[in-house]
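Each chain, written out:
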Amino acid sequence: MQSAADPNDATCLEGLVDLARYPLEDLDGAAGRALVERCRRQLAVDGCVVLEHFVPERTLARLERETERLSPEAHYNQTETNPYNSAADPAKPASHPVNRFDDRTNGFVAGDCIGDDTIIRRVYRNADFQRFIATVVGMEEIHPYADPLADLVINVLREGCQHPWHYDTNEFIVTMMTRQSHGGGRFEYAPGIRSPEGENFEGVEEVIDGDRSRLKSLDLQPGDLQIFFGRYSLHRVTPVEGDKERHTVIFAYAKEPGFIGRPERAQRIFGRMAPVHERLLEEGMQRSDALAD
């Protein structure tokens, strides 16, 4: 009989990931190379790939209990926001995307609330998992955030909560659904609607006005892993319906070590800042691209 994996062993994914379906520990083998190639092809098509049943069936109940236990720690924030998390621009017409605001109400459990013994923390810091994500997104290596609040986050949406049209602040995002709501909470996105070369405000305005011709919609299920180029793809989560919360884990990685999120963003999302954010307020920080956040 195979012994149970050490709950504190960050080098082992056995029992946490369906390794028969997703051979993360042997990416150089034939099956591993085929998996990476399949994911790359899908990302090239529409900037998103979903790995269904990434977590084995026998682990799903434990996974859901983890986020249920942590969900009361979520800080809820309600605001009116545009896709760029910016102020309005009175010099532009009311129809311009920068002047299109919608309700954003959701909760986030900060990373410093998530223990090392959790499934999600063990997967997040696992070297094989990191190598897999880096290979799929076309990078030599990726690095966990140095931000103690935003490195590993649980997004909690209760009835009526939504995340309207927006972009992510990093080039790619990795998420895992752990609990689905009774209704609503659908993930919709417009793949590659902007690029480092331009914002494509006209296309964004069409989406906000209801044009669904370029949209894709996902019906994510608990245990599904999603890799998404959210820096360039406008996306949203529709309002949650019913009394069952929607829980999604966000695994945050960066191209370079030492990434820290903006202090004002930490204050807004988590209701507080860590000491490293307070230092950044004094020193200032710069983005590596010129796109609006």
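Quick caveat: nothing in here was measured; it's all calculated off a predicted structure.

Below, the discussion takes up the overall build of the protein. Helix and strand counts for the protein stand at 7 helices and 15 strands. Taking 2.2 N^0.38 as the reference for a compact globule, 293 residues should give roughly 19 Å; the C-alpha atoms of the protein span a radius of gyration of 19 Å, in line with that estimate. In terms of its C-alpha atoms, the protein occupies a principal-axis envelope of roughly 70 × 45 × 40 Å. Of all 293 residues assigned to the protein, the portion counted as buried reaches 52%. Intrachain contacts of the protein at a sequence separation of at least 6 include 83% that bridge at least 24 residues.

Our next topic: the packing of helix 1 (residues 30-46) against helix 4 (residues 127-136). The geometry of helix 1 relative to helix 4 is characterised by a closest axis approach of 9 Å and an angle of 45 degrees between their N-to-C directions. One way to sum up the angle between helix 1 and helix 4 is to call them oblique. For the element pair helix 1 and helix 4, the recorded crossing hand is right-handed. Here Leu35, Val36, Cys39, Arg40 and Leu43 of helix 1 come into contact with helix 4, specifically with Phe132, Thr135 and Val136. Class assignment for the residues of the contact of helix 1 with helix 4 results in 6 nonpolar, 1 polar and 1 charged.

Next up on the list: unusual backbone geometry. Of note, His53 is a non-glycine position whose phi angle comes to about 55 degrees, a positive value. Note that His53 resides in the loop between strand 1 (48-51) and helix 2 (57-70). Although it is not a glycine, Asn85 adopts a positive phi angle of roughly 50 degrees. Within the fold, Asn85 resides in the loop between strand 2 (75-81) and strand 3 (102-109). Asn85 gets classed as partly exposed once you look at its relative accessible area, which sits at 23%.

One pass over the full model with this rule turns up 15 salt bridges. Across the pair Asp112 and Arg272 runs a salt bridge whose closest N-O atoms are separated by 2.7 Å. Of the two residues, Asp112 sits in the loop between strand 3 and helix 3 (119-125) while Arg272 sits in the loop between helix 6 (263-270) and helix 7 (275-283), which places them 160 residues apart along the sequence. Lys255 is the partner of Glu171 in a salt bridge, and the nearest nitrogen-oxygen pair spans 3.0 Å. With Glu171 in the loop between strand 6 (163-166) and strand 7 (173-179) and Lys255 in the loop between strand 15 (253-254) and helix 6, this pair connects stretches of sequence that are 84 residues apart. Assessed through its relative accessible area of 29%, Glu171 is described here as partly exposed.

What follows concerns the sheet that holds strand 10 (residues 216-218). Read from one edge of the open sheet, 4 strands run 6-12-9-10, paired in antiparallel fashion. Bordering the open sheet on either side are strand 6 and strand 10, each of which pairs with just one other strand. If you compare each strand with its neighbour and ignore which way they point, the axes differ by 15 degrees on average. Summarising the sheet, strand 9 (residues 187-190) and strand 12 (residues 234-237) pair through 4 bridges and their orientation is antiparallel. Residue Ala190 lies in a different strand from strand 12, and its bridge partner there is Leu234.

Thresholds, definitions, all that
- Residues numbered from 1 in each chain as written.
- Predicted model: local features only at pLDDT ≥ 70, side-chain atom pairs only at ≥ 80, totals over all residues.
- Heavy atoms only, no water.
- Helix = DSSP H or I, 4+ residues; strand = E, 2+ residues; numbered from the N terminus.
- Rg over C-alpha atoms; globule rule 2.2 N^0.38 Å.
- Buried < 20%, exposed > 50% of the residue type's maximum accessible area, 1.4 Å probe, protein only.
- Contact = heavy atoms within 4.5 Å.
- Axes fitted to C-alpha atoms, helices over the stretch in contact; angles between N-to-C directions.
- Parallel < 35°, antiparallel > 145°, perpendicular 65-115°, else oblique.
- Left-handed = near helix turned anticlockwise from the far one by under 90°.
- Nonpolar A, V, L, I, M, F, W, Y, C, P; charged D, E, K, R; others polar.
- Salt bridge = Lys/Arg side-chain N within 4 Å of Asp/Glu carboxyl O.
- Pairing = 2+ DSSP bridges.

Any functional reading would require information that these geometric values do not contain.
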